[in-house]
Amino acid sequence: MVFDTRLLTGVGVLAAVAEAGNFARAAEMVGLTPSGVSRAVARLEARVGVRLFDRNPRAVTLTEEGRRFHAQVMSLLAGLDEAAAEAAGAAALVRGRLRVSVDPWFARMVLAARLQRFLARYPLLMLDFSTSNYREEMMTGVDVAIRFGPPNASSLIIRKLLETPILTVAAPAYLERHGQPQSPHDLVHHEALLFRDPQTGLPFPWEFLRGGEIVRVKISSRLVLDDPSVAVTACVAGQGIFQSLAIGLAPFLARGDLVPILREWSEELYPLYAYHPSRHLPPAKVRAFLDFIQEIAASL
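Residues numbered from 1 in each chain as written. Predicted model: local features only at pLDDT ≥ 70, side-chain atom pairs only at ≥ 80, totals over all residues. Heavy atoms only, no water.

> Break down the pairing of strand 5 (residues 144-148) for me, citing the residues and quoting the values.
With 5 of 5 residues buried, strand 5 lies mostly within the body of the structure. Direction of pairing for strand 3 (residues 96-102) relative to strand 5: parallel, over a ladder of 3 bridges. By the bridge assignment for strand 5, Ser 101 is matched with Ala 145. With 4 bridges joining them, strand 5 and strand 13 (residues 269-276) adopt antiparallel strand pairing. Following the sheet pairing, Arg 147 is matched in strand 13 by Tyr 273. (Buried < 20%, exposed > 50% of the residue type's maximum accessible area, 1.4 Å probe, protein only. Helix = DSSP H or I, 4+ residues; strand = E, 2+ residues; numbered from the N terminus. Pairing = 2+ DSSP bridges.)

Structure follows, in structure tokens:
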């Protein structure tokens, strides 16, 4: 349907003039100049083909045709106002289907156990949840994407959710067999578990940060993995040393399944970001999910 937007503007001006009784006060109500109001009324009269107002120096009053037209359009304006109010209420209500794509490590180690709390909080919401650590076309078919690592330059809205330290860990059984590394350079003599960067296809390099000093160690390994949770399982089994995000490791450390090594070299922080399409005001369901993630982050 092709709609003349000037007709709606003219109807709004008509209502203001009928209420105010003159063009000057109506202009203040609608944010136009008096001459702008006069032109809008003239365009509306030309559009409908009748004179809507009698004009004299003291007042502007509706003609008989104007009164009939005013009575008809005011109910339509009231309907528009009600529709806008209903839409505003829907925007504030967390409901519908929320489609998210979440980094697998964060999904498995942190978020999955807390989803029940989120869904209980919003009973009208349905969550369509997928995991991926790839960024190419990550917004296809989703409302929100959650990814670790520095943000990509894009037209998306980007929101930092948290930062987590990078820890180097090993199983006690592995350290009993091979000894405890005393410096990052000692790692060249140890078995390592490498994690493949999904963006480059190459293993992430190992870096160590202490007091502003960065040490890069060239690590070789017979085992390269693309799932960090699998790498942690292999590490717990004593396969080798793994460099991991600290977030999600607390249960393994508390049970003694894993032991942090080279703690003084663990000052590097790695960010987690949320991405969603550029909008002036994202839907309430998106805001609620991102606020919930940051609530989790604050409790860790």
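> Talk me through the layout of surface pockets; I want residue IDs and the actual numbers.
Roughly 640 Å³ of volume is contained in the largest pocket. Phe 148, Phe 195, Phe 204, Leu 245 and Tyr 270 are the residues nearest the centre of the largest pocket, which is lined by 25 residues in total. When residues of the lining of the largest pocket are traced back to their parent elements, those giving at least two are helix 5 (104-111), strand 5, strand 8 (206-210) and strand 11 (241-245). Residues that form the lining of the largest pocket fall into these classes: 14 nonpolar, 5 polar and 6 charged. (1 Å grid on protein atoms, 1.4 Å probe; cavity = no way out; pocket = protein on both sides within 12 Å on 5 of 7 lines; lining within 4 Å. Points joined across faces, edges and corners; volume = space filled by probe spheres on them. Nonpolar A, V, L, I, M, F, W, Y, C, P; charged D, E, K, R; others polar.)

> Go over helix 3 (residues 34-48) with me, naming the residues and quoting the values.
Note on helix geometry: an α-helix contains 3.6 residues per turn, so any two residues three or four positions apart are oriented the same way. Helix length check: helix 3 (15 residues) gives 21 Å between terminal C-alpha atoms against 21 Å at 1.5 Å per residue, within 8%. Regarding helix 3, the residues found buried are Gly 36, Val 37, Ala 40, Val 41, Leu 44 and Glu 45. Looking one or two residues beyond helix 3, the residue adopting positive phi is Gly 49, at roughly 85°. (Expected span 1.5 Å × (residues − 1).)

> With reference to specific residues and values, describe the nonpolar core.
Within the largest apolar cluster, 47 residues are counted, with the highest numbers of intra-cluster contacts made by Leu 98, Phe 106, Leu 111, Val 144, Ile 146, Phe 148 and Phe 289. Sort the elements by how many residues they give to this core and helix 10 (residues 284-299) lands first, with 8 residues. Discounting residues that sit within four places of it in the chain, Leu 111 has contacts with Val 102, Phe 106, Phe 129, Phe 289, Phe 292, Ile 293 and Ile 296. Within the second largest apolar cluster, 19 residues are counted, among which are Leu 14, Ala 26, Val 41 and Phe 53. (Core = buried A, V, L, I, M, F, W, Y, C linked by side-chain atoms within 4.5 Å. Contact = heavy atoms within 4.5 Å.)

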